[in-house]
Amino acid sequence: MLDSRQAQLFASGMRSLLIVWLGCLPCVLAQEPGALAEQIDRLCNPLVAADVAVGFVVGVVDGETTLVRGYGHVKGKSGDKPGADTIYEIGSVSKVFTSLLLADAVQRGVATLDDPVQKHLPAGVSMPKFDDTPVLLWHLATHTSGLPRLPDMKGNDPQDPYAHFTTERLWEALGDAKVRWEPGSKYEYSNLAVGLLGAVLARANGAGSYEELLRTIILAPLQMQDSAIALDEAKRKRLAPPHDGDGEPSHTWDLAALAGAGGIRSTVPDMLKFARAQFTQADPLGKAVALSHEKRHDGLGGPAMALGWHFARDGKTLWHNGQTGGYHAFLGVQPERSRAVCILANTSRAEIDAIGDRILKLLAGTKVEPLKIEQPVAVERAVLQRYVGKYRMSPAATFDVTLRERGLFAQLTGQQACRLYPRSATEFFYRVVEASITFELEGEAVTGLVLHQNGRDTRCSRLPEGGEGK
């Protein structure tokens, strides 16, 4: 059965989608800005041309060279190109900020990496253990705590799934959570763990909120004036509207008590300030940055981890990505080479990570090619209109095919409508899942459709117009 994008997003929360392969990274001189811009354009323009991404901003630091370039549109085909002042949700890239706050707390003597989480919880709140082994603060920052990806999300709004999760809900959730293996022994991505880390660090520092701590320790010292969790009116006007994986309007996410796992909003220039701090290691955060880069987990069950950062396979590049309901973000840094790439998009598409990977390779002098993206063909709207209707997969599941402004959409019972992209006049492919649909015709009549997915072909008969049929 076809999985909807929204179901996938909620099931996994903000996911770590790609373990970036950067290969060998030879040391080369920084490129001239003009030549570098042309090469980056060559990699980025196909995403807009193929209607994969509504718009995005790319930022690059390569030694003394800095570039910020916008692609596509802020909203649909509005004509407004995103730029240096466009604000986006950065999703799980927020986790490296939270982990830097942990490193800073260690440097200032507020906490230690080996502090049991229990030490920083309110009275009456109990942290689960594995047998008698406690979860330590560094376990939360490295996805090795044994906690699940998400707490019980009962009562959520699928359009904004974390907004209901107050601090009180977080403390209550710890009473029901299970630590499933010995902390520190195994990697499994957890939004609950890093969201909890943000909350306990705010308590340990005596801050009124996670955002207050973030602003005091990181945002203000690095002069990241366009970064925040709660946006004021002026910043809200610069927030790029969210779009789902099919480019349809989506919803912003409020991470509430789990803000440390993915609640930050920022611009590319601000993110490049954060990136530069990773390789300049200047005061006031230099020692904390150095601590946050030290390897803490060897990669068993997943990528090797520093505090918050994933190591690429070269063992030197640090990276994180993030995805919410309408945004995608990528940040990769090479501290030894003073290089960084940041991409912020208002379309929840994982192809953004592949572009970030390619740009890092490009900076290293490696020849790279643009992503191979299947281009939809043009099909007359009158032809598309013929396919509108209901198609029965089983007694309990029906495809509802509709025609919207941007094309055909198919919605299976109980799931979200997903866009169909024409491969021909009768065959259409999905982008949010690995699947395609072929419409069957007898003469001019459309009699059914066939879903091609996971090596299987499932035929669905077209139902009579105006009824569910027998």
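Here goes a summary of the coordinates provided. (Residues numbered from 1 in each chain as written. Predicted model: local features only at pLDDT ≥ 70, side-chain atom pairs only at ≥ 80, totals over all residues. Heavy atoms only, no water.)

### Examining the overall build of the protein
Each helix and strand counted, the protein has 13 helices and 16 strands in total. What you see for the protein is a C-alpha radius of gyration of 23 Å, in line with the 23 Å of a compact globule of 470 residues. Oriented by its inertia axes, the alpha-carbon framework of the protein measures out at about 75 × 55 × 45 Å. When contacts within the protein are restricted to residue pairs at least 6 apart in sequence, those whose partners lie at least 24 apart make up 65%. As presented, the protein carries roughly 19200 Å² of accessible surface, and 50% of it is formed by carbon and sulfur atoms. For the protein, the separation between the mean place of its 51 positive charges and that of its 54 negative charges on side chains is 1 Å. (Helix = DSSP H or I, 4+ residues; strand = E, 2+ residues; numbered from the N terminus. Rg over C-alpha atoms; globule rule 2.2 N^0.38 Å. Contact = heavy atoms within 4.5 Å. Areas by Shrake-Rupley, 256 points an atom, 1.4 Å probe, with all protein chains shown as cover. Lys, Arg positive; Asp, Glu negative; His and termini not counted. Charge placed at Lys NZ, Arg CZ, Asp CG, Glu CD.)

### A few points about helix α7 (residues 210–219)
With seven of its ten residues buried, α7 lies for the most part within the structure. Buried residues of α7: Tyr210, Glu211, Leu213, Leu214, Ile217, Ile218 and Leu219, and no others. Along the axis of α7, the buried positions cluster into a sector of 155°, meaning they face one direction only. In this structure, the buried residues of α7 make contact with α3 (94–107), α6 (191–204), α9 (259–262) and α10 (268–280). (Buried < 20%, exposed > 50% of the residue type's maximum accessible area, 1.4 Å probe, protein only. Arc of directions from axis to C-beta.)

### Quick look at unusual backbone geometry
The phi dihedral of aspartate 51 falls on the positive side, at around 65°, and the residue is not glycine. At aspartate 131, a residue that is not glycine, the phi angle is positive and equals roughly 55°. Position of aspartate 131 relative to the elements: it lies in the loop between α3 and α4 (137–141). Residue aspartate 131 is classed as exposed on the basis of its relative accessible area of 65%.

### Observations concerning a negative patch on the surface
A contiguous patch of negative charge on the surface is contributed by Asp152, Glu168, Glu172 and Asp176. Turning to its location among the elements, aspartate 152 is positioned in the loop between α4 and α5 (167–176). (Patch = residues over 30% accessible without salt bridge, like charges linked within 9 Å, V, L, I, M, F, W, Y side chains within 5 Å. Salt bridge = Lys/Arg side-chain N within 4 Å of Asp/Glu carboxyl O.)

### Topic: the nonpolar core
Ranked by size, the top nonpolar core spans 89 residues in total, and within it Phe97, Leu196, Ile218 and Phe274 carry the most contacts. Once you skip the residues sitting within four places of it in the chain, leucine 196 turns out to touch Val117, Leu121, Met127, Leu140, Leu147, Leu170, Trp171, Leu174 and Leu258. Listed in part, the 31 residues of the second largest apolar core include Leu43, Cys44, Val58 and Leu363. (Core = buried A, V, L, I, M, F, W, Y, C linked by side-chain atoms within 4.5 Å.)

### What to know about the pattern of salt bridges
On inspection of all chains with the given rule, the structure shows 24 salt bridges. A salt bridge links aspartate 51 to arginine 406; its shortest N-O distance comes to 3.2 Å. In this pair, aspartate 51 is assigned in the loop between α2 (33–49) and β1 (55–62) and arginine 406 in the loop between β10 (397–404) and β11 (407–412), connecting sequence segments 355 residues apart.

### Here we look at the sheet that holds β1
Spatial strand order, β2-β1-β8-β7-β6-β5: six strands in an open sheet with antiparallel pairing. Sheet topology places β2 (65–72) and β5 (310–311) at the edges, where each strand pairs with a single neighbour. (Pairing = 2+ DSSP bridges.)

### A few points about the pairing of strand β7 (residues 328–334)
For β7, the tally of buried residues reaches seven of seven residues, placing the bulk of the element in the interior. Side chains His328, Phe330, Gly332 and Gln334 of β7 all project onto a buried face; the interleaved residues Ala329, Leu331 and Val333 project onto the opposite face, where all are buried too. In sequence, strand β6 (residues 318–323) turns back onto β7 through a hairpin of four residues. When β7 meets strand β8 (residues 339–345), the two strands line up antiparallel, connected through seven bridges. Pairing of valine 333 across the sheet is with alanine 340, part of β8. Turn length for the β7-β8 hairpin, with the two strands adjacent in sequence and antiparallel, is four residues, and the turn residue serine 338 shows positive phi of about 50°.

Function-wise, these values are silent; they only describe arrangement.
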